[in-house]
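The lines below spell out each chain.
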Amino acid sequence: MKTKSRIASILKTNSLDFSITGLQTFNLSELDLIKDLEFQLPTNIRLGHLAEKIVSELIKSSSNYKVLYENIQVIEGKQTIGEIDFIIEELKTKTLIHMELAYKFYLYDPNISSEPINNWIGPNRNDSLKEKLEKLKRKQFPLLYHTRTKSIFNTKKINEAYQALCLLVSLFIPYEYKASFSPIYEKAIKGYYLNFKTFTSLDNSAKNYYIPSKKEWGMDPSENENWTDFKGIEKNIIISITEKQAPLCWQKYKDTYVEFFIVWW
């Protein structure tokens, strides 16, 4: 995995704003950073934690923010009741921000509801944008005001911290879907999804493919150097589909690159 490309992919990912989430937004574009920033990344962690690590290093590398606390577990008795992602400080104003981070991939299923917010689901249908936002509002952000949390921080200013969400999303819509979306969603649409039968019917000898590992999700397919034909990925896709796991697929066709999920449902 190319470190610079992985870092750049996080910076380029669109975030959903207040008009969708109902929560204050922290945009990574607010960070003053040098160009071509690079730092060492861990290799043995899951995608969500990798994104957290990258964002942490980006904030630490910026000239206008610093990280005061990160990944603070709040424990009551012997039970962990939650975790606070970041407490950061804007250096010029000394403003404290409780920032929660999420790095998500959602697919749009128009059959769920007439309300778009209800229709963004995880590739395997076991999570959703609406559920994520409800959890943030009900559990994550109120955690800052829990009595156990206040005892962790050594500053009274924590009561003055404002809260913001950095929700980085890559969105995928049904293959050949024609309905329009609001501009906030539109900017975050990275590709489409289809079933294995449709995918097979679209294959031809001029197309090459790559199945990225979960840690590569969100990276730019055009920077990939390892490509194969349909036969080179067919077995892995069938195994994933059988296990009810929707793989992400990158496709190179002439000078064009696209990405899509192959769903089992």
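Everything below is about the structure printed above this text.
Keep in mind that what you see is a predicted model, and the values were worked out from it rather than measured. (Residues numbered from 1 in each chain as written. Predicted model: local features only at pLDDT ≥ 70, side-chain atom pairs only at ≥ 80, totals over all residues. Heavy atoms only, no water.)

Participant: Describe the overall build of the protein, and please don't skip the residues or the numbers.
Facilitator: Secondary structure assignment for the protein yields eight helices and nine strands. Relative to the compact-globule value of 18 Å for 265 residues, the protein shows a C-alpha radius of gyration of 20 Å, a close match. Viewed in the frame of its principal axes, the protein has a C-alpha envelope of about 65 × 40 × 40 Å. Buried positions account for 46% of the 265 residues belonging to the protein. Restricting to contacts in the protein with at least 6 residues of sequence separation, those with at least 24 account for 63%. With the model as given, the accessible surface of the protein reaches about 14,000 Å², and the carbon-plus-sulfur share is 47%. Side-chain charges of the protein comprise 36 positive and 32 negative groups, with the mean position of each set lying 3 Å from the other. (Helix = DSSP H or I, 4+ residues; strand = E, 2+ residues; numbered from the N terminus. Rg over C-alpha atoms; globule rule 2.2 N^0.38 Å. Buried < 20%, exposed > 50% of the residue type's maximum accessible area, 1.4 Å probe, protein only. Contact = heavy atoms within 4.5 Å. Areas by Shrake-Rupley, 256 points an atom, 1.4 Å probe, with all protein chains shown as cover. Lys, Arg positive; Asp, Glu negative; His and termini not counted. Charge placed at Lys NZ, Arg CZ, Asp CG, Glu CD.)

Participant: Can you lay out the nonpolar core for me, pointing to particular residues and giving the numbers?
Facilitator: Within the largest apolar cluster, 38 residues are counted, with the highest numbers of intra-cluster contacts made by Phe26, Leu28, Met99 and Phe261. With seven residues, the single largest contributor to this core is helix H3 (residues 47-61). What Phe26 contacts, discounting residues up to four positions off in sequence, is Leu31, Tyr65, Ile88, Ile97, Met99, Ala164, Leu165 and Cys166. Among the nonpolar cores identified, the runner-up in size contains 20 residues, and Leu167, Val169, Tyr185 and Ala188 belong to it. (Core = buried A, V, L, I, M, F, W, Y, C linked by side-chain atoms within 4.5 Å.)

Participant: Any chance you could break down the pairing of strand E3 (residues 95-108) for me, citing the residues and the numbers?
Facilitator: Of all 14 residues in E3, 12 are buried; the element is thus mostly enclosed. In this structure, the hairpin formed by strand E2 (residues 79-90) and E3 is closed by a connection of four residues, where Lys94 is found at a positive phi of approximately 65°. Judged from the 11 bridges that link them, E3 and strand E5 (residues 162-174) form a sheet pairing that is parallel. Residue Ala102 lies in a different strand from E5, and its bridge partner there is Leu167. Of the pairings in the sheet, the one linking E3 to strand E4 (residues 120-121) comprises two bridges and is antiparallel in character. Opposite Tyr108, over in E4, you have Trp120 as the bridge partner. (Pairing = 2+ DSSP bridges.)

Participant: With reference to specific residues and values, describe helix H4 (residues 129-140).
Facilitator: All of the buried residues in H4 are Leu129, Leu133, Leu136 and Gln140. All buried residues of H4 project into a common sector of 95° when viewed along the axis, lining one side. Residues of H4 that are buried sit in contact with helix H2 (18-21), E2, E3, E4, E5 and helix H6 (183-188). (Arc of directions from axis to C-beta.)

Participant: Residue-level account of the pattern of salt bridges, with values.
Facilitator: Throughout the structure, instances matching the rule amount to seven salt bridges. Residues Lys53 and Glu57 are paired through a salt bridge, measuring 3.2 Å at the closest nitrogen-oxygen approach. Note that Lys53 and Glu57 are positioned in helix H3 at a spacing of four residues, about one turn of the helix. You can call Lys53 partly exposed: its relative accessible area is 32%. (Salt bridge = Lys/Arg side-chain N within 4 Å of Asp/Glu carboxyl O.)

Participant: Describe helix H1 (residues 3-12), with residues and values.
Facilitator: Regarding H1, the residues found buried are Ser5, Arg6, Ile7, Ser9 and Ile10. Structurally, H1 contributes buried residues whose contacts are with H3, E3 and E5.

Participant: I'd like to hear about the packing of aromatic side chains, residue by residue, with values.
Facilitator: A ring pair, where both rings are aromatic, is described by two values, the distance of the centres and the angle of the planes. By the definition in use, this model includes 22 aromatic pairs. A centroid spacing of 5.5 Å and a plane angle of 40° characterise the contact between Tyr210 and Trp250, whose relative ring orientation is tilted. Note that Tyr210 is positioned in strand E7 (residues 207-210) and Trp250 in strand E8 (residues 248-253), a separation of 40 residues in sequence. Across the pair, Trp250 and Tyr210 agree in class, each one buried. Chaining the aromatic ring pairs together yields one cluster made of Tyr175, Tyr192, Phe196, Phe199, Tyr209, Phe230 and Phe260. (Phe/Tyr/Trp six-rings, centres within 6.5 Å; stacked < 30°, edge-to-face > 60°.)

Participant: Any details on the side chain of Asn124? Residues and values, ideally.
Facilitator: Among the secondary structure elements, Asn124 is positioned in the loop between E4 and H4. For Asn124, the side chain forms a polar contact with the main-chain nitrogen of Ala246, separated by 2.7 Å. Leave out the neighbours within four places in its chain, and Asn124 touches Lys244, Gln245, Ala246, Trp264 and Trp265. (Polar contact = N/O pair within 3.5 Å; in protein donor to acceptor, adjacent residues only side chain to side chain.)

Participant: I'd like a description of the packing of H1 against H3, backed by residues and values.
Facilitator: Between H1 and H3, the least distance of the axes is 10 Å, while the angle of their chain directions is 85°. Judged on the interaxial angle alone, H3 and H1 are roughly perpendicular. In this structure, H1 uses Arg6, Ile7, Ile10 and Leu11 to contact H3, whose residues at the interface are Leu47, Leu50, Ala51, Ile54, Val55 and Leu58. Per-class residue counts for the contact of H1 with H3 are nine nonpolar, no polar and one charged. (Axes fitted to C-alpha atoms, helices over the stretch in contact; angles between N-to-C directions. Parallel < 35°, antiparallel > 145°, perpendicular 65-115°, else oblique. Nonpolar A, V, L, I, M, F, W, Y, C, P; charged D, E, K, R; others polar.)

Participant: Can you tell me about unusual backbone geometry, naming the residues and giving the values?
Facilitator: Of note in this structure, Asp36 is not a glycine but carries a positive phi near 55°. Asp36 sits in the exposed class, given a relative accessible area of 63%. Here Glu176, not a glycine, exhibits a phi torsion of approximately 60°, which is positive. Mapped onto the elements, Glu176 comes out in the loop between E5 and H6.

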